[in-house]
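# Chains, contacts and geometry: an overview
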Amino acid sequence: GVGGLVAALAGTLTLAASGMAAGRPPLDIVLTWWAGEALGIAMLAPLILVWRGIKRLHTPSAPLPETAALLVFSILAGQYVFLGWSNDLPQPTGFWMFLFVTWAALRRERRGASAVLAMFSLQALWGASLQHGFGFELLTHDATLLWRY
C-alpha cells in the first residue's frame, strides 16, 4: 500500500544519498523495495489479524488427528513443491499446495488456512533462496512471478 511505497521511496533516497545504490536505476530499487514491503504485509497481516486471540487449531468438529495429518501432509507437500523434492518427477507441481489450503480452509477456517498459507510462503521463499523447487523456477522466468503466485 501507500505505507510500503513511502518506505520504498525513503529507502531509495537514503541509498542514493549514501552512494550505495550501485548504479541501479532508482525506479528499479523503489519497485523491488515496494514488492518486498507488500509481500511482508500480505504474509504477516492475515496471521496477526486471524491469530490475535488464543484459540486451538483443532476443535471437536475437526479433531487433533486430522489437524496433525493436515499439518504433516502440508509440510511434506511444501517440501515436495518448493524445496526441490520433485526435481525428477513430472511437472507442474506448484498447484499441489491448493489441495491443502482448501482442506485447511474448509476444516480449520481462517486460522488453519492462514497457517498453511504462511508455511507455504516461507517454504517458497526458502526454496527460492536455495535455488531449488517451484519458487526458484518462477524466479528464473520473471522476478515478479513468485510474488504474484
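Note that this is a predicted model, so its numbers are computed, not measured.

### What to know about the overall build of the protein chain
Within the protein chain one finds 6 helices and 0 strands. When the elements of the protein chain are put in sequence order from the N terminus, they spell out α-α-α-α-α-α. Sorting the 149 residues of the protein chain into buried and exposed places 31% on the buried side. Within the protein chain, contacts between residues at least 6 apart in sequence are counted, and of these 61% link residues at least 24 apart. As displayed, the protein chain has an accessible area near 9400 Å², and 72% of this comes from carbon and sulfur atoms.

### Focus: the packing of aromatic side chains
Following the criterion strictly, the structure yields 2 aromatic pairs and no others. With 6.2 Å between their ring centres and 55 degrees between their planes, Phe82 and Phe120 make a pair best called tilted. Within this pair, whereas Phe82 is found in helix α3 (residues 64-82), its partner Phe120 is found in helix α4 (residues 97-129), the two being separated by 38 residues in sequence. Exposure remark for Phe120: the relative accessible area of 2% places this residue in the buried category. Plain terms: the ring middles of Phe100 and Trp103 are 6.3 Å apart, the flat faces sit at 40 degrees to each other, and that makes the pair tilted. In this pair, Phe100 and Trp103 are both assigned in helix α4, 3 residues apart and thus about one turn of the helix distant. Given a relative accessible area of 24%, Trp103 falls into the partly exposed group.

### Some thoughts on the packing of α3 against α4
Contact geometry for α3 and α4: axes closest at 9 Å, N-to-C directions at 30 degrees. The handedness of the crossing between α3 and α4 comes out as right-handed. Across the contact of α3 with α4, the residue classes tally to 15 nonpolar, 6 polar and 3 charged.

Rules and cut-offs
- Residues numbered from 1 in each chain as written.
- Predicted model: local features only at pLDDT ≥ 70, side-chain atom pairs only at ≥ 80, totals over all residues.
- Heavy atoms only, no water.
- Helix = DSSP H or I, 4+ residues; strand = E, 2+ residues; numbered from the N terminus.
- Buried < 20%, exposed > 50% of the residue type's maximum accessible area, 1.4 Å probe, protein only.
- Contact = heavy atoms within 4.5 Å.
- Areas by Shrake-Rupley, 256 points an atom, 1.4 Å probe, with all protein chains shown as cover.
- Phe/Tyr/Trp six-rings, centres within 6.5 Å; stacked < 30°, edge-to-face > 60°.
- Axes fitted to C-alpha atoms, helices over the stretch in contact; angles between N-to-C directions.
- Left-handed = near helix turned anticlockwise from the far one by under 90°.
- Nonpolar A, V, L, I, M, F, W, Y, C, P; charged D, E, K, R; others polar.

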